[in-house]
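Structure at a glance
Residue strings, one per chain:
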Amino acid sequence: MDRLEIVEADITTLDVDAIVNAANTSLLGGGGVDGAIHRAAGKELLAECRMLNGCRTGEAKITKGYNLKARHVIHTVGPVYSNGRQGEPELLAACYRNSLVLAVENGLKTIAFPLISTGVYGYPLEEATPIALREIKAFLETHPDFERVIVACFSRKAYDLYMQLTME
Ligand code: AR6
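Residues numbered from 1 in each chain as written. Predicted model: local features only at pLDDT ≥ 70, side-chain atom pairs only at ≥ 80, totals over all residues. Heavy atoms only, no water.

**A few points about the overall build of the protein chain**
Looking only at helices and strands, the protein chain has five helices and six strands in total. The order of helices and strands in the protein chain, counted from the N terminus, is β-β-α-α-β-β-α-β-α-β-α. Against the 2.2 N^0.38 benchmark of 15 Å for 168 residues, the protein chain shows a C-alpha radius of gyration of 14 Å, consistent with a compact globule. For the protein chain, the residues scored as buried account for 51% of the 168 residues in total. A fraction of 69% describes how many contacts in the protein chain between residues 6 or more apart in sequence connect residues 24 or more apart. (Helix = DSSP H or I, 4+ residues; strand = E, 2+ residues; numbered from the N terminus. Rg over C-alpha atoms; globule rule 2.2 N^0.38 Å. Buried < 20%, exposed > 50% of the residue type's maximum accessible area, 1.4 Å probe, protein only. Contact = heavy atoms within 4.5 Å.)

**A few points about the nonpolar core**
Counting 37 residues, the largest nonpolar core has Ile74, Ile111, Phe113, Val149 and Tyr162 as the members making the most contacts within it. Put simply, the parts of the chain that give this core at least two residues each are β1 (4-8), β2 (18-23), β3 (60-64), α3 (88-105), β5 (110-113), α4 (125-142), β6 (148-153) and α5 (156-167). Setting aside residues no more than four positions away along its own chain, valine 149 makes contact with Arg3, Leu4, Glu5, Leu100, Ile111, Phe113, Ile136 and Leu140. By size, the runner-up hydrophobic cluster in this structure holds 21 residues, among which are Ala9, Ile19, Ile37 and Ile150. (Core = buried A, V, L, I, M, F, W, Y, C linked by side-chain atoms within 4.5 Å.)

**Structural notes on the packing of α3 against α4**
Between α3 and α4, whose axes approach to 9 Å, the crossing angle comes to 30°. Seen along the crossing, α3 lies across α4 with a hand that is right-handed. From α3, Pro89, Leu92, Ala93, Tyr96, Arg97, Leu100 and Val104 reach across to α4, where they touch Ala128, Ile131, Ala132, Arg134, Glu135, Ile136 and Phe139. In terms of residue class, the contact of α3 with α4 is made up of eleven nonpolar, no polar and three charged. (Axes fitted to C-alpha atoms, helices over the stretch in contact; angles between N-to-C directions. Left-handed = near helix turned anticlockwise from the far one by under 90°. Nonpolar A, V, L, I, M, F, W, Y, C, P; charged D, E, K, R; others polar.)

**Comments concerning the packing of aromatic side chains**
Counting across every chain of the model gives three aromatic pairs. Between tyrosine 96 and phenylalanine 113 the ring centres are 4.8 Å apart and the planes differ by 40°, which places this aromatic pair in the tilted class. On the criterion of sequence distance, the pair formed by tyrosine 96 in helix α3 and phenylalanine 113 in strand β5 is long-range, its members being 17 residues apart. Here tyrosine 96 matches phenylalanine 113 in class, with each residue buried. (Phe/Tyr/Trp six-rings, centres within 6.5 Å; stacked < 30°, edge-to-face > 60°.)

**Considering the pattern of salt bridges**
Tallying each qualifying case throughout the model produces nine salt bridges. Between arginine 71 and aspartate 15 there is a salt bridge; the shortest N-O distance is 2.5 Å. Of the two residues, arginine 71 sits in the loop between β3 and β4 (72-77) while aspartate 15 sits in the loop between β1 and β2, which places them 56 residues apart along the sequence. In this structure arginine 71 comes out as partly exposed when scored by relative accessible area, which is 39%. The partner of glutamate 59 in a salt bridge is arginine 56, and the shortest N-O contact between them spans 3.5 Å. Given the relative accessible area of 35%, glutamate 59 is considered partly exposed. A network of salt bridges, in which partner residues are shared, links Glu8, Arg156 and Asp160. (Salt bridge = Lys/Arg side-chain N within 4 Å of Asp/Glu carboxyl O.)

**Comments concerning the sheet that holds β3**
Pairing is mixed across the open sheet formed by six strands, whose spatial order is β1-β6-β5-β2-β4-β3. Strands at the two margins of the open sheet, each flanked by one partner only, are β1 and β3. Strand-to-strand twist in this sheet, taken as the mean axis angle between neighbours without regard to direction, amounts to 25°. Here β2 pairs with β4 via six bridges, running parallel. Bridging from a neighbouring strand, isoleucine 19 pairs with valine 73 of β4. With respect to the sheet, α5 is in contact with β1 and β6, its orientation differing from that of β1 by roughly 155°. (Pairing = 2+ DSSP bridges.)

Below is the structure:
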């Protein structure tokens, strides 16, 4: 799957049509990757987010990228992990699917994802990884014109796990 690229990187530095933000339902900023994206994009991002009236878990909304290299930010809200039997896998899959659909609807061709829900929201990396890879690969198979999906890992451990599972 040469249109899927796994990198170890700070997602705010990537030059793509859209980077995905692992946001919360308020869409008004937070810590982790959300905080990093808002800091790098500048205050105008928050101003646009204020007009979106939040976002439900599993859904996605798009804004401009402002000071980022990325032209857009797709904000999605991952599930808070409790035990994996409260609908978390379906909601996490929906985050990837809905973000990709929104990218296509906006004519975008390249996108970068962080590892949604695997930080503050506590989703175990080992459980989240296969879900993300399954959704991204299924999307690429049905969208031959989509150019590139990047998964940005913020740690060596996550990068190694992704590399291992993508090869399977
Ligand atoms: N680039 C790429 N990945 C990053 C970066 C970065 N600059 N910074 C962190 N990560 P998290 P969540 C990784 O906690 O679990 C926020 O406060 C991080 O190592 O950012 O979905 C929101 O407002 C982890 O693997 O998001 C919500 O309240 C992954 O990004 C809540 O956190 C996701 O970690 C969302 O929690």
